[in-house]
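Fold and geometry: a report
These are the residues of each chain, in order.
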Amino acid sequence: MNLRIRSGGHDFEGLSYVSNITFVLLDMSNLRSINVNIEEETATVQVGAILGELYYKIWEKSKVHAFPAGVCPTVGIGGHISGGGYGVLMRKYGLTVDNVIDATIVDVNGRVLNRTSMGEDLFWAIRGGGGASFGVILAYKLKLVRVPEIVTVFRVSKTLGQNTTDIVHRMQYVTDKIDRDLFIRLNLNLDNTTNTMEATFTAFFLGDSERLVSLMNIGFPELDIQKPDCKEMSWLKSVLFWWSNVNESVETLLERSSLPGNSKLKSDYLQNPIPRDGIESLWQKMVELKVVGLAFNPYGGRMSEIGDSETPFPHRKGNIFKIQYIVLWDEDGAKAEEYYMKQIRVLHEFMTPFVSKDPRGAYQNYRDLDIGTSVVGNNSYIDGKVYGEKYFKGNFDRLVKVKRMVDDDNFFTHEQSIPSL
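Rules used throughout
Residues numbered from 1 in each chain as written. Predicted model: local features only at pLDDT ≥ 70, side-chain atom pairs only at ≥ 80, totals over all residues. Heavy atoms only, no water. Helix = DSSP H or I, 4+ residues; strand = E, 2+ residues; numbered from the N terminus. Expected span 1.5 Å × (residues − 1). Buried < 20%, exposed > 50% of the residue type's maximum accessible area, 1.4 Å probe, protein only. Arc of directions from axis to C-beta. Contact = heavy atoms within 4.5 Å. Pairing = 2+ DSSP bridges. Axes fitted to C-alpha atoms, helices over the stretch in contact; angles between N-to-C directions. Parallel < 35°, antiparallel > 145°, perpendicular 65-115°, else oblique. Left-handed = near helix turned anticlockwise from the far one by under 90°. Nonpolar A, V, L, I, M, F, W, Y, C, P; charged D, E, K, R; others polar. Core = buried A, V, L, I, M, F, W, Y, C linked by side-chain atoms within 4.5 Å. 1 Å grid on protein atoms, 1.4 Å probe; cavity = no way out; pocket = protein on both sides within 12 Å on 5 of 7 lines; lining within 4 Å. Points joined across faces, edges and corners; volume = space filled by probe spheres on them.

Over its 12 residues, helix α11 (residues 381–392) runs only 14 Å from end to end, short of the ideal 16 Å by more than 12%, given 1.5 Å per residue. Taken together, the buried positions of α11 are occupied by G384, Y387, G388, Y391 and F392. Summarising the axial view, the buried residues of α11 lie within an arc of 115°, below the 170-degree limit, and thus occupy one face. Packed against the buried residues of α11 are α12 (396–406). Once α11 ends, the next one or two residues include K393, with phi positive near 50°.

Before going further, it helps to examine the sheet that holds strand β7 (residues 112–113). If you walk across this open sheet you meet the five strands as β3-β4-β8-β6-β7, and the pairing is antiparallel. Looking along the sheet, the strands with just one partner apiece sit at the ends: β3 (34–37) and β7. Where β3 and strand β4 (residues 42–46) come together, four bridges link them in antiparallel fashion. What sits directly across from N37, in β4, is T42. Running at roughly 35° to β3, helix α1 (residues 51–61) makes contact with β3, β4 and β8 (136–143) of the sheet.

A separate point is the side chain of S238. Mapped onto the fold, S238 is located in helix α8 (residues 235–243). For S238, a relative accessible area of 2% gives the class buried. When neighbours within four sequence positions are excluded, S238 is seen to be in contact with V151, V153, F204 and M233.

Turning to unusual backbone geometry, a few remarks are in order. If a residue is not glycine, its phi is most likely negative; likewise, a peptide bond is most likely trans. Following D358, the chain continues into P359 via a peptide bond in cis, with omega recorded as 0°. Relative to the elements of secondary structure, P359 occurs in the loop between α10 (334–350) and α11. A positive phi angle, near 55°, is found at N195, a position not held by glycine. Secondary-structure assignment places N195 in the loop between β11 (182–191) and β12 (196–205). One can find D358 in the loop between α10 and α11.

Right, let's get into the packing of α1 against α8. Two numbers describe how α1 lies on α8: the axes approach to 10 Å, and their chain directions differ by 155°. As far as their axial angle goes, α8 and α1 are roughly antiparallel. Our pair here, α1 against α8, has a crossing hand that is left-handed. Listed contacts from α8 to Y55, Y56 and W59 of α1 are W235, L236 and V239. Taken together, the residues that form the contact of α1 with α8 break down as six nonpolar, no polar and no charged.

Next up on the list: the sheet that holds strand β13 (residues 230–233). In space, the seven strands of this open sheet follow the order β13-β10-β12-β11-β15-β16-β14, with antiparallel pairing throughout. The strands lining the two open edges of the sheet, one partner per strand, are β13 and β14 (262–270). Strand after strand, the sheet turns through a mean of 20° between neighbouring axes, direction not considered. Of the strand pairs in this sheet, strand β10 (residues 151–159) and β13 are connected by four bridges, and their pairing is antiparallel. Bridged to V153 within β13 is K231.

Time to look at the nonpolar core. L54, L89, I126, F134, Y140 and F204 are the most contacted members of the largest nonpolar core, which has 80 residues in total. Discounting chain neighbours no more than four positions away, the residues touching L89 are A66, F67, P68, G94, V145, V147, F204, L206 and W235. Of all hydrophobic cores here, the second largest spans 49 residues; its members include I167, L223, I225 and M286.

Further remarks concern the pairing of strand β15 (residues 293–298). Most of β15 is tucked away, with six of its six residues classed as buried. Here β15 shows no split at all, with G293, A295 and N297 on one side and L294, F296 and P298 on the other all buried. For β11 and β15, the ladder comprises three bridges, and the chain directions are antiparallel. Bridging from a neighbouring strand, L186 pairs with F296 of β15. Relative to strand β16 (residues 321–329), β15 is paired through six bridges, and the arrangement is antiparallel. Paired with L294 across the strands is Y325, a residue of β16.

Among all positions in helix α6 (residues 164–171), only T164, T165, I167, V168 and M171 are buried. All buried residues of α6 fall inside an arc of 165° around its axis, so they share one side. Of the surrounding elements, those touching the buried residues of α6 are β10, β11, β12, α9 (276–289) and β16.

In this model, the second largest pocket occupies a volume close to 150 Å³. What lines the second largest pocket is simply Y93, D98, N99, R127, K143, R302, I306, E310 and T311. Within the lining of the second largest pocket, the residues separate by chemical class into two nonpolar, two polar and five charged.

Coordinates in, geometry out; function isn't part of it.
Below, the structure written as structure tokens:
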């Protein structure tokens with residue numbers, strides 16, 4: 001029997017609820033209780049809750065506490081945390097897995113275990129190694145972090161006629177070194193109305209607009225951020241700013257929804273700045289392909305201080321950006337799928353000279369079957385190493401050892417699970 005475990009359903013390759021073989025679906029979405037303890041500065045959350053519910057529950061208890069997780073409020077807690085979820089607080093506080101202090105898991109023998117009874121090896125593995133390879137995670141206990149009552153955001157867009165090449169080139173030397181209170185994401189997309197590239201800079205800052213503008217003027221004056229570009233708001237409202245519309249009610253964060261249409265994602269890590277002529281060639285390639293977008297998420301700060309092996313998530317010091325490739329389409333049918341999949345694969349191949357190598361890193365939560373699969377129920381070390389080293393680098397072998405220790409018969413298995421053979 002093959003078991004698939006689903007929490008929120010945000011699984012870009014559908015491995016938590018789709019298989020080519022007969023399987024049983026364990027739907028965790030109704031296990032969604034959240035207990036926030038402000039005196040302890042902790043929250044215990046079941047895996048079926050979504051990020052928006054967690055954020056809202058924290059905000060009900062405190063306006064100066066948060067949890068460093070993703071900007072998409074409909075993502076389920078279970079997969080997000082177990083895969084090493086990230087968000088706008090990562091440069092200040094690290095990833096989700098860097099702020100987990102306990103967990104509850106049901107192992108292959110049906111035992112309900114916490115951190116003490118499961119042991120430190122398994123606790124290490126489920127904080128970034130993907131929980132579905134090791135058991136059924138029921139809940140996580142999280143360490144909350146402090147945020148100011150007022151944070152600041154901005155979103156500005158530039159077209160190629162506005163010195164965008166120079167700004168993007170300069171950004172590579174700035175955003176991983178600037179004050180860790182600041183997170184600036186760069187999105188690159190084709191403006192279909194003008195058939196030219198557009199660069200959008202979206203920022204989150206743990207402070208007021210006056211301090212943010214001062215920081216930008218000193219550290220990244222090329223973007224020319226002024227006070228009217230900035231919006232001050234609560235941390236919870238900033239989630240709405242990043243996700244949808246800041247004018248919506250915060251109760252919107254409690255709504256569960258799935259992404260419409262079809263999508264494909266891929267990922268990379270940038271460790272050396274792309275030269276200026278490389279950026280210009282990237283513009284040309286994206287205009288040619290038309291439908292693929294890129295998002296550059298800055299590293300540095302706390303991310304550079306945590307060792308590569310402290311959790312299974314290894315992409316730490318030495319990275320400038322995590323790159324997300326995304327293509328979305330509404331058309332049905334194999335022909336449309338083939339077209340859009342080809343476009344994103346072409347761009348991914350084009351970026352090969354610029355991104356990490358040996359191995360070319362990938363982010364597990366942007367699940368990508370293109371980088372390798374293994375046989376469900378018979379996942380071999382040789383096959384698993386192909387994708388495992390891209391996701392986990394040198395931590396892959398330790399994950400295999402933990403797998404053999406807790407699930408030697410490979411009951412918990414899928415196309416990209418940790419092998420026990």
